[in-house]
Each structure stands twice: as structure tokens, then as C-alpha cells.
Amino acid sequence: MSKTKLLILGYSSFARRRLIPSLKKMKNIDYYICSKSNQLNFKKKILFNNYNQALNQISPNIVYVSLINSLHYKYAKMSLKKGFNVIVDKPITISLKQVKELIKIARKKNLLISEATLFNYHRVFDKMLNLCGGTKKIIHIQSNFNVPLVKNVNKLLKNKEDCEMDMSPYAASIIRLFTNNKVQNLKVFKKYFNNINVVKSFFLLSKSDNCTYFGNFGIDREYISQITFFTKDKIITSPNRIFALPPKNNQIILKKSFNKTTKIIVKKDDCVKNYINTIINVIKTRNYAKFYNKIIFDSKIRNYIKNI
């Protein structure tokens, strides 16, 4: 069986920490890296410093765009026009208009375009939803995703990497995945860094049929990364780091019912590997409508958050 050729444009922190270690474990993948800011290194598979050259010489089955946010659209569009399936780090673009343009090209060429918001590809979510009794049993969702500020605020502005850009894809995904896509009401509150148009945190409240959702996102606080599902008789709390669960550890879910808390162990899993395998299988079928719809839904939510 021939291997899938995957070209990574960029050498981001996520690519180094999560994507590449997962790809190394996959026998069905040959991956190559193009980085403008790093020297060629055949051991690390950094084979190119020029994106056009890499696209032309490799002719990949999949291009994974892992550049700064402000460059996502440019290189996703370039890759699609050259006839390659494309994955883009979140956020896929900085505007709904750009998303629609990418999907228009992908539809015309019958190619995949996918945003790598992939936290839910971990088996822990199957277990949590099973404990809830399915999404229809969930009456409230609460998520907290806060991280300390590690980048210069002016750099965040330049690269389009503030809290709104980097974390609104998670908020949109939660609404899509767990509230049945039916948003009846959506409210957003933002906080900015002083004297500069950079969002440091936002709070989101949505109502969807019989389920409400509160999301708390920030890039200037103590770290927490957790989702809690509430049903009429249970509270199911995810492990910490739920938006980027490490693949080497078992995870613990907390189930509270009738004032008794139970710890439930979930075996280790690799959400990145699971996501890439899903992409490979979808490319074989060439049935991309589900992925187009996901991107449009999430981008409309993000667009609302942006313009509120």
C-alpha cells in the first residue's frame, strides 16, 4: 500500500510538539517539512526553505499549513489551486470571506479543506458523552481555557494571534459538536489589553434548544483547560488539558452523581493521529461536504464573536 505524502508548510510550536511526534508513529505517512526560518536538516525532515519549491517538488497528497495566522489564507489558497488537499491550523483564516473563498476553490476542484481543531478526536469524548447518555441529555456545558501570556502583545496584533483568533475556534467547535448546531441566542463579552486592539479574554454564552453553554477563554491567566457537561442528575468533568490532551498518559474523568464523585480512567490516546487517519480515509472517499459544513458553521460563529 502506498504511503500518504504530507507536506508541512511552517515549523510552528504545535508542529514540533504535537503534529510531528504523532506523524512519526504513523507507518502510512511520509512527511516533509518546509521552513523559511530554519536551516535544512534531513534528520528532522526539513527539506525545503521555499514554499513554492516544496509544493512543486513533493506533489503531496496533503498540505498541512502550520504558519502564523495571518499567512493561513495565502498558503491554503495556493495549495488548493495547485490541486492539493489542505489542512490548516486553527484559525483556518482571519475572516469568513476568506473561508468562503477557500471552500469555493475546494468544491470546484473536489479537494479537502479542513481546519485542525482536533481536540475531540480523543477517545475521552466518547466516554464522557456515553456517561452523559448522549448530547441530547446535556442541559449545560461549561468550558474554561486560560493560558499565561507568553508573547509580546504587539506581536500578537501583527500576526493576528490574540485570544479571539486563537481560541474562538474552540468555542465554535463546542457549540457545533455538543449543542446540535441550533444556536438560538449568542452573547459575547470581551476584554482588551490597554490602549491596543488585542483581545486578551472573552466570555461566551449561548442557548441552543434545551442546552446552554458558557465559555471562558483567556491568554493572560493561570492555566486551565477543561470542559464540564451537566445533565439533570450528573456532572461530567473532563481531564485538565482537554483541548490538547497529551498522548502518553491515561486520563481521568470525574463523574458526580447524587453528591458522590467517581474517578473514571480512560486509556491513553492520540487525538492528532486519530484526526490525520480520519483525513486520510475521507480523502479516499472524496466525500468532503461534512468538512465544508463544519468550517462554514464554525467560521460563522467566529465571525459573530469577531464583530460583536
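Rules behind the numbers
Residues numbered from 1 in each chain as written. Predicted model: local features only at pLDDT ≥ 70, side-chain atom pairs only at ≥ 80, totals over all residues. Heavy atoms only, no water. Phe/Tyr/Trp six-rings, centres within 6.5 Å; stacked < 30°, edge-to-face > 60°. Buried < 20%, exposed > 50% of the residue type's maximum accessible area, 1.4 Å probe, protein only. Lys NZ or Arg CZ within 6 Å of the ring centre and 35° of its normal. Salt bridge = Lys/Arg side-chain N within 4 Å of Asp/Glu carboxyl O. Helix = DSSP H or I, 4+ residues; strand = E, 2+ residues; numbered from the N terminus. Core = buried A, V, L, I, M, F, W, Y, C linked by side-chain atoms within 4.5 Å. Contact = heavy atoms within 4.5 Å. Axes fitted to C-alpha atoms, helices over the stretch in contact; angles between N-to-C directions. Parallel < 35°, antiparallel > 145°, perpendicular 65-115°, else oblique. Nonpolar A, V, L, I, M, F, W, Y, C, P; charged D, E, K, R; others polar. Pairing = 2+ DSSP bridges.

### Some remarks on the packing of aromatic side chains
For any pair of aromatic rings, the description consists of the separation of the ring centres together with the inter-plane angle of the planes.
No. 1: Tallied over the entire structure, the rule returns 12 aromatic pairs.
No. 2: Relative to Phe125, the ring of Phe119 lies with its centre 5.6 Å away and its plane at 65 degrees, an arrangement referred to as edge-to-face. Each member of the pair, Phe119 together with Phe125, is buried.
No. 3: What links up through ring pairs into an aromatic cluster is the set Phe119, Phe125, Phe145, Tyr170, Phe178, Phe229 and Phe243.
No. 4: Over the aromatic face of Tyr31 sits the side chain of Lys45, whose NZ or CZ is 4.6 Å from the ring centroid.
No. 5: One residue, Lys294, lies across the ring of Phe291, its end atom 4.5 Å from the ring centre.

### Focus on the pattern of salt bridges
No. 1: Enumeration according to the criterion identifies 9 salt bridges in this entry.
No. 2: One salt bridge in this structure joins Lys200 and Asp220, with 3.9 Å as the shortest N-O distance. Of this pair, Lys200 sits in strand β9 (residues 199–208) while Asp220 sits in the loop between β10 (211–218) and β11 (224–230), and the two are 20 residues apart along the sequence.
No. 3: Owing to a relative accessible area of 22%, Lys200 belongs among the partly exposed residues under this scheme.
No. 4: Accessibility expressed as a relative area gives 30% for Asp220, which makes it partly exposed.
No. 5: In this structure, the salt-bridge partner of Asp220 is Arg221, at a minimum N-O distance of 3.7 Å.

### Quick look at the nonpolar core
In globular proteins that are soluble, nonpolar side chains generally tend to be buried together.
No. 1: Core analysis: the largest hydrophobic core is formed by 59 residues, its most contacted members being Ile8, Leu23, Ile113 and Ile276.
No. 2: Counting residues per element, this core draws most heavily on helix α8 (residues 271–285), at 8 residues.
No. 3: Beyond its immediate chain neighbours, meaning those up to four positions away, Ile276 contacts Leu6, Leu19, Leu23, Met26, Ile29 and Ile87.
No. 4: In this structure, Cys132, Ala172, Val188 and Ile253 belong to the second largest nonpolar core, which totals 45 residues.

### Considerations on the packing of helix α3 (residues 72–81) against helix α4 (residues 96–109)
No. 1: Close contact between α3 and α4 brings their axes to 10 Å; oriented N to C, the two are set at 10 degrees. On the basis of their axis angle, the class for α3 and α4 is roughly parallel. Between α3 and α4, the residues in contact are Tyr73, Ala76, Lys77, Leu80 and Lys81 and Gln98, Glu101, Leu102, Ile105, Ala106 and Lys109, respectively.
No. 2: Considering only residue class, the contact of α3 with α4 consists of 6 nonpolar, 1 polar and 4 charged.

### Overview of the sheet that holds strand β4 (residues 62–65)
Strand pairing in a sheet is mediated by backbone hydrogen bonds. Such pairs are either parallel or antiparallel.
No. 1: With parallel pairing, the 6 strands of this open sheet are ordered in space as β3-β2-β1-β4-β5-β6. A single partner strand is all that each edge strand has here, and the edge strands are β3 (46–48) and β6 (113–116). On average, each strand axis in the sheet is tilted by 30 degrees relative to the strand beside it, whichever way the strands run.
No. 2: Relative to strand β2 (residues 29–34), strand β1 (residues 4–9) runs parallel, the two being bridged by 6 bridges. Counterpart to Leu6 in the pairing with β2 is Tyr31.
No. 3: Here α3 sits on the sheet in contact with β1, β4, β5 (85–89) and β6, set at roughly 170 degrees to β5.

Interpretation in functional terms is not warranted from these geometric data alone.
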